[in-house]
Amino acid sequence: VAITTRLLVSHLSGIRHYEKDITKVKEEKEKANRALKPATTYQDKKQKEDKEIEKTDSVKPRKEQESEVKSRSSKPGRRDKEFEQEEYYLKEKFESVIESLKIFKNDPLFFKPGDQFLYSTYGFTLLSAVVERVSGQKFTDYMLKMFRDLDMLSTVLDDNEAMIYNRARCYIYNKKGRLVNAPYVDNSYKWAGGGFLSSVGDLLKFGNALLYSYQAGQFKNTNGKLLPGYLKPDTVAMMWTPVPKTEVSWDRDGKYAMAWAVVEKNQQCGCCRQQRHYASHTGGAVGASSVLLILPEELDSEAIDSGLVAPPRGVIVSIICNMQSVSLNSTALKIAREFDKEKWAQ
């Protein structure tokens with residue numbers, strides 16, 4: 001088979017995630033899909049309620065307690081199961097991303113590349129190895145230079161040995177539902193898929209750089225005063241174009257694009273629910289959760305041609321939480337919509 005970088009960046013490569021058993025992965029996907037489907041008829045709902053009533057009183061409180069202890073996820077069970085995998089808690093230090101490929105390089109693919117979607121952190125580990133070989137320098141050095149170019153000076157490697165100013169402590173709930181310190185892990189095996197520390201301010205800079213690049217090509221009459229974006233407009237547009245056969249766990253309206261989840265502008269009928277175009281991505285690590293959401297402003301031709309406005313135009317929401325398995329995308333979207341609504345009201 002052939003695995004391309006495009007397949008890797010859209011999680012269509014067939015490379016496994018933390019779970020090594022494809023049967024278990026399929027079972028969890030089926031459970032998650034069933035949980036997302038609404039009851040189609042009153043009769044189905046009634047039958048479901050009758051079955052729940054038949055459960056014993058001793059089981060019910062236990063289930064309620066478990067649901068409170070387990071953190072929330074937009075696809076029930078998926079994130080919780082992920083954090084049960086042993087490889088999530090690796091303590092081995094890898095000197096290079098090439099070396100970390102040994103974790104999964106001899107494992108079989110779960111499906112033919114391009115056929116199905118499976119979110120894979122190891123797919124991004126392989127992608128980082130490609131960057132390392134093509135650039136001719138260590139992946140971490142390559143990324144830190146890029147962060148410096150973007151003025152993201154608080155974004156660094158999550159290196160346990162380094163003294164990092166203002167590094168936050170991370171927390172999880174234990175089996176008894178009590179808040180405890182997150183266990184020690186070494187993320188050197190997945191720098192690209194969850195190995196960087198950042199700040200809300202730096203993530204906002206990152207979002208602004210992408211939004212500026214995305215919109216820069218739309219502004220024509222700037223008399224040469226508008227600097228080019230960090231990326232070409234067409235590149236960002238391609239990154240934010242949904243890819244067929246993909247899915248997004250944190251927003252049922254979205255599709256996966258190239259390293260971003262994207263919801264496209266859509267309204268089926270008059271007075272129906274409107275979908276605004278936005279791009280986002282959540283982050284989950286041992287003891288931490290995050291989200292970066294970009295809601296571009298819908299620019300009219302008059303505003304663009306007049307030269308009275310300049311990019312970036314829109315709302316960017318960044319949230320970082322030192323708590324494991326906190327679902328943040330819906331919160332970020334609500335915040336973005338409120339700011340967007342307030343702007344138009346003015």
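Cut-off values and rules
- Here the residue numbering is sequential within each chain, running from 1 through the sequence in written order.
- Local features in this predicted model are restricted to residues whose pLDDT is 70 or higher, and side-chain atom pairs enter the listing and the counts only when it is 80 or higher, whereas totals over whole chains, interfaces and linings include all residues.
- With hydrogens and water set aside, each side-chain value is computed from the structure's full complement of heavy atoms.
- Two strands are said to pair when DSSP picks up at least two bridges between them.
- Put simply, DSSP marks the helices as runs of H or I at least four residues long and the strands as runs of E at least two long, and each gets a number from the N terminus on.
- Only centres within 6.5 Å qualify two rings of Phe, Tyr or Trp (six-membered ring in Trp) as a pair; their planes then separate them into stacked at under 30 degrees, edge-to-face at over 60, and tilted for everything else.
- Three labels apply to residues, based on accessible area from a 1.4 Å probe with only protein chains included: buried if under 20% of the type maximum, exposed if over 50%, partly exposed otherwise in between.

In the annotation of an unreviewed UniProt entry, the entry for the protein reads LACTB protein, and the organism field reads Pterocles burchelli.

For a regular strand, side chains alternate in direction, first toward one face of the sheet and then toward the other. Here strand β6 (residues 261-263) runs beside strand β7 (residues 278-285); their pairing, made up of three bridges, is antiparallel. Considered in β7, the bridge of Ala261 is made with Ser280. Judged from the seven bridges that link them, β7 and strand β8 (residues 288-296) form a sheet pairing that is antiparallel. For Ala285, the partnering residue across the bridge sits in β8 and is Ala288. The loop that links β7 with its antiparallel partner β8 comprises two residues; one of these, Gly287, has a positive phi angle of about 90 degrees.

We now examine the packing of aromatic side chains. For the structure shown, the criterion picks out ten aromatic pairs. Look at Phe104 and Tyr122: their rings are 4.9 Å apart centre to centre, the planes differ by 20 degrees, and that puts the pair in the stacked class. Note that Phe104 is positioned in the loop between α6 (97-100) and α7 (121-135) and Tyr122 in helix α7, a separation of 18 residues in sequence. Under the relative-accessibility criterion, Phe104 is labelled buried at 8%. Given the relative accessible area of 1%, Tyr122 is considered buried. Centre to centre, the rings of Trp240 and Trp260 are 6.0 Å apart; their planes meet at 80 degrees, and the pair counts as edge-to-face. Taken together, the positions of Trp240 in the loop between α11 (233-239) and β5 (255-256) and Trp260 in the loop between β5 and β6 put the pair 20 residues apart, joining distant regions of the chain. One exposure class covers both Trp240 and Trp260, and it is buried. Chaining the aromatic ring pairs together yields one cluster made of Tyr18, Tyr88, Tyr89, Phe104, Tyr122 and Tyr189.

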